[in-house]
Amino acid sequence: MASASTSSLSLQSNGRKISFPVFKTTTLHKNLKFSLSLRSKVVIKSLKSSSTTKFNEVVGDEEMDKIRRLQNGSDVRGVALEEKGRTVDLTPPAVEAIAESFGEWLIDRLAKERGGELAGEEVRVSLGKDPRISGASLSVAVFAGLVGAGCVAFDMGLATTPACFVSTLLPPFAYHASIMMTASHLPYTRNGLKFFTRRGGLTSLEVEEICNRAARKFANRLAKVSTTLRTPPERVDFMSSYAKHLRDIIKERVNHPLHYETPLKGFQIIVNAGNGSGGFFTWDVLDKLGADTFGSLHLNPDGMFPNHIPNPEDKTAMSLTRSAVLSNSADLGIVFDTDVDRSGVVDKYGNPINGDKLIALMSAIVLREQPGTTIVTDARTSMALTRFITERGGRHCLYRVGYRNVIDKGVQLDRDGVETHLMMETSGAYMVVKIIIEMVRMKLEGSDEGIGSLIKDLEEPLESVELRMNVLSEPREAKAKAIEAIEEFRNYIEEGRLPGWELDFCGECWVSEGCLVDSNDAPAAVDAHMYRAKVSDEEHGQHGWVHIRQSIHNPNIAVNMQSTVRGGCKSMTRFLTDRFLIASGADRVLDITHIKKYAKN
């Protein structure tokens, strides 16, 4: 399965290519202009922090590690409300320290870009949040931290992750940066922060820098953040402008010959928002474009998520959406996660489309518009997806796991002259917009087959599994131990000690050594070590792959594998266990209990 993270999607506007963040981030054309009718006036208002800060002696590495452990790749995530077996670690003081550090990092970065001075320019940062019940108190901490750093803060209220990014680009807002407060599909007790500038989401290395700075602040103060601000931020109605932006894209791209303003007239579309932030897409986008949205599910925000986990990969969410599509004879079903940076769809026949199927669907659409383009995904997609893309004249670049890695790779390829129109792991509102546009176009061309017909020849792997191995060490040593084990895995393959296993690579797009290490003149920094090996034997030839990766933040190693033969995943697991984990002594630093159990059952 493809990972549940982000993509970039290219649309055409007046002959120019525009890259939009389908889930989490991407790059927008510098000269892109919008004509907007705004409902609200943007008011810039200074905030005063009501936090009381005491400075004390440094209390040691443990206090600093509390903040560092909140980093989750390119995001920050933690426990915001008490839950069984987990201590609350995403506290208001921690959030204030992180927000203040982000503000300082942003100001430093902007100053460098301007030759060392900002010349009195106000640094403006917006904050959006999903409906989690911890959002109110943590928002106050974000505002206090931003103002403490010298930024001007704006409160967007209930928002989505793609909207936060677009708020840095869409006039007249065009903030210098934005923060989305969300923990994606995780339980209501969790929360987190996602960071954006005008060039997209931050990298994991940048977030690590911010968390290190915040750790020093947190360890040297005892902070209490007030539940109210003396001067609350002025609310801005960005979501209305964002919804209009989405509507305009659909109207322009469909260019309906009979009803331009209502191109979705005659289509029924079911939306399952999972009580997250995605309800706006129903009443502020689809309804206003003429769609019938009767039968949609869980549209009202509810931070307790009472119906099911807001996650396109959740079986309950997909099953309920599928039932609603079939019972209403709808043309399309859409499932959003909490912050609308990931989505899945259901075609008119009730077939769920997510994971590799979703990437294949987007590839089919993009390759019709941009023949021969390169499509970047992470290295956990199937061999069948690669065939699907190449059979349609495209090129498939497998790259490192992580949405920032995938997007940055596509941007790099485009810059180096390799046309790249789709960088994708999973997706959100912009991807859904693209699918809706294609659905209407197919209807106008006389096809009644539905969107699912575009991937009817995509083969699926017979088996797919993910296993985890915890690192047996102190948390601060886990990263180094994991890297050692993964590099030893690579050595075993290169030295021929795993017969039939070979490091996989793409071949032609400046990526080598197992889809990980860029071999061009400007290699990207490695944020987490990982390798993919293709597996062959005499009976079946190449029949599967094994992908082993260090968790960016958690003290474990993930092992993903797929096979086209029955029993192939267990066979590869036994081989991996006996010929590498035990033979190399890696089992002394890794807990391989779950892998051994899977291999035996």
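Residues numbered from 1 in each chain as written. Predicted model: local features only at pLDDT ≥ 70, side-chain atom pairs only at ≥ 80, totals over all residues. Heavy atoms only, no water.

## Considering the overall build of the chain
Counting secondary structure elements, the chain contains 15 helices and 26 strands. Of all 601 residues assigned to the chain, the portion counted as buried reaches 59%. For the chain, the exposed area adds up to about 23700 Å²; of that, 48% sits on carbon and sulfur atoms. (Helix = DSSP H or I, 4+ residues; strand = E, 2+ residues; numbered from the N terminus. Buried < 20%, exposed > 50% of the residue type's maximum accessible area, 1.4 Å probe, protein only. Areas by Shrake-Rupley, 256 points an atom, 1.4 Å probe, with all protein chains shown as cover.)

## A few points about helix α5 (residues 204–219)
Over its 16 residues, α5 extends 22 Å from the first C-alpha to the last, a length consistent with the 22 Å expected when each residue adds 1.5 Å. Turning to α5, its buried residues number three or more, namely S204, E206, V207, I210, C211, R213, A214, A215, K217, F218 and A219. (Expected span 1.5 Å × (residues − 1).)

## Examining the packing of helix α2 (residues 92–113) against α5
At their nearest, the axes of α2 and α5 sit 8 Å apart, and the two run at 125° to each other. Between α2 and α5, the crossing angle belongs to the class labelled oblique. Like other packed secondary-structure pairs, α2 and α5 cross with a definite hand, here right-handed. Contacts between α2 and α5 involve P93, A94, A97, I98, E100, S101, F102, E104, W105 and D108 on the former and, on the latter, E206, E209, I210, R213, A214, K217 and F218. Residue composition of the contact of α2 with α5, grouped by class: nine nonpolar, one polar and seven charged. (Axes fitted to C-alpha atoms, helices over the stretch in contact; angles between N-to-C directions. Parallel < 35°, antiparallel > 145°, perpendicular 65-115°, else oblique. Left-handed = near helix turned anticlockwise from the far one by under 90°. Contact = heavy atoms within 4.5 Å. Nonpolar A, V, L, I, M, F, W, Y, C, P; charged D, E, K, R; others polar.)

## Quick look at a nonpolar patch on the surface
Together, I133, Y188 and M304 make up an exposed nonpolar region whose accessible area comes to about 260 Å². Here I133 shows up in the loop between β6 (124–129) and α3 (135–149). Among the residues examined, I133 registers a relative accessible area of 47% and is labelled partly exposed. (Patch = residues over 30% accessible without salt bridge, like charges linked within 9 Å, V, L, I, M, F, W, Y side chains within 5 Å. Salt bridge = Lys/Arg side-chain N within 4 Å of Asp/Glu carboxyl O.)

## Observations concerning the side chain of R190
Following the sequence through the fold, R190 ends up in strand β9 (residues 190–197). For R190, a relative accessible area of 17% gives the class buried. Among the polar contacts listed, one links the side chain of R190 to the side chain of E83, at a separation of 2.9 Å. Excluding anything up to four places from it in sequence, R190 contacts G78, V79, A80, E83, R86, R132 and A183. (Polar contact = N/O pair within 3.5 Å; in protein donor to acceptor, adjacent residues only side chain to side chain.)

## Considerations on the confidence of the model for the chain
This prediction gives the chain a mean pLDDT of 86; 86% of its residues lie at or above 70. Note that residues 1–59 has pLDDT below 50 and, in this model, 216 contacts with residues that lie over four places away or in other chains. (pLDDT = per-residue confidence, 0-100.)

## Overview of the pairing of strand β13 (residues 332–336)
With five of five residues buried, β13 is to be regarded as a mostly interior element. The sheet contact formed by strand β12 (residues 269–272) and β13 spans four bridges and is parallel. What sits directly across from I270, in β13, is G333. Bridge analysis of β13 against strand β14 (residues 343–346) gives four bridges, and the strand direction is antiparallel. The partner of G333 across the bridge, within β14, is V346. Turn length for the β13-β14 hairpin, with the two strands adjacent in sequence and antiparallel, is six residues, and the turn residue V340 shows positive phi of about 65°. (Pairing = 2+ DSSP bridges.)

## Quick look at the sheet that holds strand β23 (residues 530–537)
If you walk across this open sheet you meet the six strands as β20-β23-β24-β25-β19-β26, and the pairing is antiparallel. This sheet does not close on itself; its edge strands, each paired only once, are β20 (501–503) and β26 (590–591). In this sheet, strand β24 (residues 541–550) lies alongside β23 in antiparallel orientation, the contact comprising eight bridges. Within β24, the residue paired with R532 across the bridge is H547. Taken strand by strand, helix α14 (residues 568–582) contacts β19 (463–471), β20, β23, β24, β25 (556–563) and β26, and its axis lies near 135° from that of β25.

## What to know about helix α11 (residues 403–415)
Look at α11: 18 Å from first C-alpha to last across 13 residues, which is about the 18 Å you get at 1.5 Å a residue. Where α11 is concerned, the buried positions are Y403, R404, N405, V406, I407, K409, G410, Q412 and L413.

## Observations regarding the side chain of D527
Considering the arrangement of structural elements, one finds D527 in the loop between β22 (517–518) and β23. Summary of buried charges: D527 has no salt-bridge partner, and the nearest side chain of opposite charge, R400, is 4.3 Å away. Reaching out from D527, the side chain makes a polar contact with the side chain of S204 at a distance of 3.0 Å. Of note is the side chain of D527, whose polar atom sits 3.3 Å from the side chain of N405. Not counting residues up to four positions away in its chain, the partners in contact with D527 are S204, R400, N405 and I552. (Lys, Arg positive; Asp, Glu negative; His and termini not counted.)

## As for unusual backbone geometry
Trans peptide bonds make up the majority, and among non-glycine residues the majority have a negative phi. In this model, P171 is joined to P172 through a cis peptide bond whose omega is 5°. Mapped onto the elements of the fold, P172 is located in the loop between α4 (161–166) and β8 (177–181). Positive phi is not limited to glycine here, since S184 has a value of about 55°. Residue position: S184 is located in the loop between β8 and β9. Among the residues examined, S184 registers a relative accessible area of 2% and is labelled buried. Positive phi outside glycine occurs at H298, with the angle close to 50°.

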